[in-house]
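The primary structure of each chain is shown beneath.
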Amino acid sequence: MALLASFAAHLVAGEPDKSPGDQAVAGSPVYLTANEMSIATGKPSLVLMSSGSTHIPIWSLSGGTTGQSVAGVVSGFPNDCVAVKVEIVVTTTDPTTSPEYNDVYRVHLSQMVEDAPFTDKYFLGKPVPTALPAAPFYSRTIVLESYYEVDPQAPLTVRIQREPGDPNDSFTRPAGLAMVKVTPLTALAEPHVVQDVSGYNSWPMIQAIGEKLVCVYSRGTAHSIKEDARAVFARTSNDGGKTWTAETTVANTPGDGEVTVAKGLDSTGAMLLWVRRIGKQWNHDLYRTTDGVKFTRVATPELAVQPMQITDVFAVPTVGLMSLWFAGNYSDDATQSWGTMTSRDDGVTWTQTTIESGLTKANWPTEPSAVYLGDGRILAVARTEIAQGQFQLISTDYGATWKRSQTNILDVRASTPSLILDAETGLLSNYYYERGRGILRRRVVDPDSVFDHPLTWPASEAVAIASPVTWDSGNANATVIGSDHYVAFYSGEAPDTSVLVSEIPAPTASNSRSSGPRPGTDPK
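Quick look at the structure, then. (Residues numbered from 1 in each chain as written. Predicted model: local features only at pLDDT ≥ 70, side-chain atom pairs only at ≥ 80, totals over all residues. Heavy atoms only, no water.)

A few words on the overall build of the protein. When its secondary structure is counted, the protein shows two helices and 37 strands. In terms of overall dimensions, the protein is globule-like: its C-alpha atoms have a radius of gyration of 24 Å, near the 24 Å expected for 524 residues. Overall size of the protein, expressed as C-alpha extent along the three principal axes, is 75 × 50 × 45 Å. Considering the protein as a whole, with its 524 residues, one finds that 59% of them fall into the buried category. As presented, the protein carries roughly 20,300 Å² of accessible surface, and 51% of it is formed by carbon and sulfur atoms. For the protein, the separation between the mean place of its 39 positive charges and that of its 55 negative charges on side chains is 3 Å. (Helix = DSSP H or I, 4+ residues; strand = E, 2+ residues; numbered from the N terminus. Rg over C-alpha atoms; globule rule 2.2 N^0.38 Å. Buried < 20%, exposed > 50% of the residue type's maximum accessible area, 1.4 Å probe, protein only. Areas by Shrake-Rupley, 256 points an atom, 1.4 Å probe, with all protein chains shown as cover. Lys, Arg positive; Asp, Glu negative; His and termini not counted. Charge placed at Lys NZ, Arg CZ, Asp CG, Glu CD.)

Laid out in structure tokens, this is it:
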């Protein structure tokens, strides 16, 4: 009885409208109760969840029958609303409810805009799996979409569907949908322009040297890594990316195409930069700079396995400097691999180790970003080359051995992650660019909560908007100065693209709220 009454109070109170770091709220949330929705597909049931004198209407969605969904319409958005955030409140009454199980939901959104086909504004959200609570009658608030652009003058149809056919939905009993919450959002802050001269400005790396931002990028004529016209350039900023110094050339080797692929710091605080150089041969050159203007090449290691790319440099106690690498040809054959590179002399010499080889493209972690958590633990997140989200890679022995797992980070498309571990709060930020939709996203988490539970990353938030194209934008790379994060990416459409940087406040504890309790925890 007390649990159900608590659930009812939750429905009335709702959730806080805004937490620090969230995109700005344009107006009060709009709620759709179960009674304000109707059947869209299949045969879900509108029932009363009851305990004593407490009765709450919910839509019962099957854990075994696919294709069940309900829908409702919301309108009356404020004029400054540019997007909405969509959440659902769900519960279960079944006594077998347990965090050992997940269920999966997705949202369908559409608007009927004047003088346009209604299919123009149709959006199919990605499946969102979350763990169930430790007992029945507890509620969960699940973010199904954190940023969907809308016309504020047009009604929005919201359809919620459970996906029992999804491999991540392991709860075969019914679940109850009690409410949909739609929050209007205002426009996100515009990113700063680093470089937008004519050409394919792309694949930036950004690093703070003290209070100075150094952004290094590559420019050519197209989305090509081998063209002789492609060279590497740098600019610096002392005002948080608002203005930038004149461009300097880092690398422009005749006959070779050169691309920035990774950055980091050595033990003295100088910036290190990996540049991939492709001509008659493939090489990876490591550069060092103390001012972001003059770069000196310190190494071109000879490697037994030629990486497609080496990734960001980070420090690991007892080991020295470490970068992850990956190699392969992006085919479906079992020819892909990945591993570590370590240096005990600040990057002058490197030791390469293969962690996994003979991987198919589906199991191949690419473009990983890693952080050292302490006590020998390393956590990395990697891009995938098929539409199945991001991988999580963990090590408990300073990088000697690793475990690879799938995450619940699904709002991606060939999305390169970049991790920032906040020294004060201990929170981990995962930045990535959702290609095709043009959304720079962030997920904030206590890394201890996901280290052994990769399917429990909290929902993402949108932090910047850029071009809604697939390949001519993306590749987020992040750094930190004080209480602000700076994330570089590129955006535009071939043959002309720009390098941009977004300034984003570092997260607070409220940003890491999970959409469901972690396995092994009790609901509060």
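Pairing of strand E3 (residues 45-51) with strand E4 (residues 54-61), which is carried by seven bridges, proceeds in the antiparallel orientation. When the sheet's bridge partners are listed, methionine 49 is paired in E4 with isoleucine 56. Between E3 and E4, which pair antiparallel in sequence order, lie two residues; one of them, glycine 52, sits at a positive phi of approximately 65 degrees. Sheet analysis places E4 next to strand E12 (residues 175-185), joined by three bridges and oriented antiparallel. Looking across to E12, one finds that serine 60 is bridged to glycine 176. (Pairing = 2+ DSSP bridges.)

This next bit is on the pattern of salt bridges. In total, this model carries 25 salt bridges according to the counting rule given. Across the salt bridge formed by lysine 242 and glutamate 503, the nearest N and O atoms sit 3.7 Å from each other. Placement of lysine 242 in the loop between strand E16 (231-237) and strand E17 (248-251) and of glutamate 503 in strand E37 (residues 496-505) is noted, with a sequence separation of 261 residues between them. The class of glutamate 503 is partly exposed, set by a relative accessible area of 32%. The salt bridge partner of aspartate 411 is arginine 443, with a shortest N-O separation of 3.0 Å. Note that aspartate 411 is positioned in the loop between strand E30 (403-406) and strand E31 (418-421) and arginine 443 in strand E33 (residues 439-445), a separation of 32 residues in sequence. Here aspartate 411 matches arginine 443 in class, with each residue buried. The network of salt bridges with shared partners includes Glu145, Asp411, Glu434, Arg437, Arg441 and Arg443. (Salt bridge = Lys/Arg side-chain N within 4 Å of Asp/Glu carboxyl O.)

Most of strand E11 (residues 156-162) is tucked away, with six of its seven residues classed as buried. Sheet analysis places strand E5 (residues 69-74) next to E11, joined by six bridges and oriented antiparallel. Bridge pairing in E11 links valine 73 to threonine 157. Relative to E11, strand E7 (residues 102-111) is paired through seven bridges, and the arrangement is antiparallel. Counterpart to serine 110 in the pairing with E11 is threonine 157.

Ordered in space as E31-E32-E33-E34, the four strands form an open sheet in which the pairing is antiparallel. Strands with a single pairing partner mark the edges of an open sheet, and in this sheet they are E31 and strand E34 (461-465). Within this sheet the neighbouring strands show an average axis-to-axis angle of 25 degrees, counted without direction. By the bridge criterion, seven bridges tie strand E32 (residues 428-434) to E33 in an arrangement that is antiparallel. What sits directly across from tyrosine 433, in E33, is leucine 440. (Axes fitted to C-alpha atoms, helices over the stretch in contact; angles between N-to-C directions.)

With that settled, consider the sheet that holds strand E21 (residues 296-299). Here we have four strands laid out as an open sheet, ordered E18-E19-E20-E21, and antiparallel in their pairing. The open sheet terminates on both sides in strands that have one partner only, identified here as strand E18 (257-265) and E21. The mean angle between the axes of side-by-side strands here comes to 35 degrees, regardless of whether they run parallel or antiparallel. Alignment of strand E20 (residues 282-289) against E21, held across three bridges, turns out to be antiparallel.

Before going further, it helps to examine the nonpolar core. Counting 29 residues, the largest nonpolar core has Val84, Ile88, Leu156, Val158, Leu177 and Val180 as its most contacted members. At the level of elements, E4, E5, strand E6 (83-91), E7, strand E10 (139-149), E11 and E12 are the ones that each hand at least two residues to this core. Non-local contacts of isoleucine 88, meaning those with residues more than four positions away in its chain, are made with Tyr105, Arg140, Thr141, Ile142, Leu144, Ile160, Leu177, Met179 and Val180. (Core = buried A, V, L, I, M, F, W, Y, C linked by side-chain atoms within 4.5 Å. Contact = heavy atoms within 4.5 Å.)

Turning our attention to the environment of isoleucine 225. Turning to its location among the elements, isoleucine 225 is positioned in the loop between strand E15 (212-220) and E16. Take isoleucine 225: its relative accessible area is 21%, and that puts it in the partly exposed class. Through-space distance from the C-alpha of isoleucine 225 to that of leucine 286 is 17 Å; in sequence the pair is 61 residues apart. Beyond its immediate chain neighbours, meaning those up to four positions away, isoleucine 225 contacts Trp203, Arg230, Gly257, Val259, Arg276, Ile278 and Trp282.

Position of glutamate 190 relative to the elements: it lies in the loop between E12 and strand E13 (192-195). Of the residues examined, glutamate 190 reaches a relative accessible area of 68% and is grouped as exposed. For the pair glutamate 190 and asparagine 201, spaced eleven residues apart in sequence, the C-alpha to C-alpha distance is 18 Å.

Tallied over the full model, the rule gives twelve aromatic pairs. Ring plane angle 35 degrees and centroid distance 6.4 Å describe the contact between tyrosine 217 and phenylalanine 233, whose orientation is recorded as tilted. With tyrosine 217 in strand E15 and phenylalanine 233 in strand E16, this pair connects stretches of sequence that are 16 residues apart. Judged by its relative accessible area of 0%, tyrosine 217 falls in the buried class. Accessibility expressed as a relative area gives 10% for phenylalanine 233, which makes it buried. Here the aromatic rings of tryptophan 274 and tryptophan 350 are separated by 5.2 Å at their centres, their planes lie at 55 degrees, and the arrangement is tilted. Here tryptophan 274, found in strand E19 (residues 271-278), pairs with tryptophan 350, found in the loop between strand E25 (336-343) and strand E26 (351-359); they are 76 residues apart in sequence, far enough to count as distant. On the basis of relative accessibility, which here comes to 0%, the residue tryptophan 274 falls in the buried class. Here the aromatic cluster, defined as three or more aromatic residues joined through ring pairs, consists of Tyr200, Trp203 and Tyr490. For arginine 219, the ring lying beneath its charged end belongs to phenylalanine 233, and the centroid distance is 4.3 Å. (Phe/Tyr/Trp six-rings, centres within 6.5 Å; stacked < 30°, edge-to-face > 60°. Lys NZ or Arg CZ within 6 Å of the ring centre and 35° of its normal.)

By themselves, these observations are geometric and do not establish any function.
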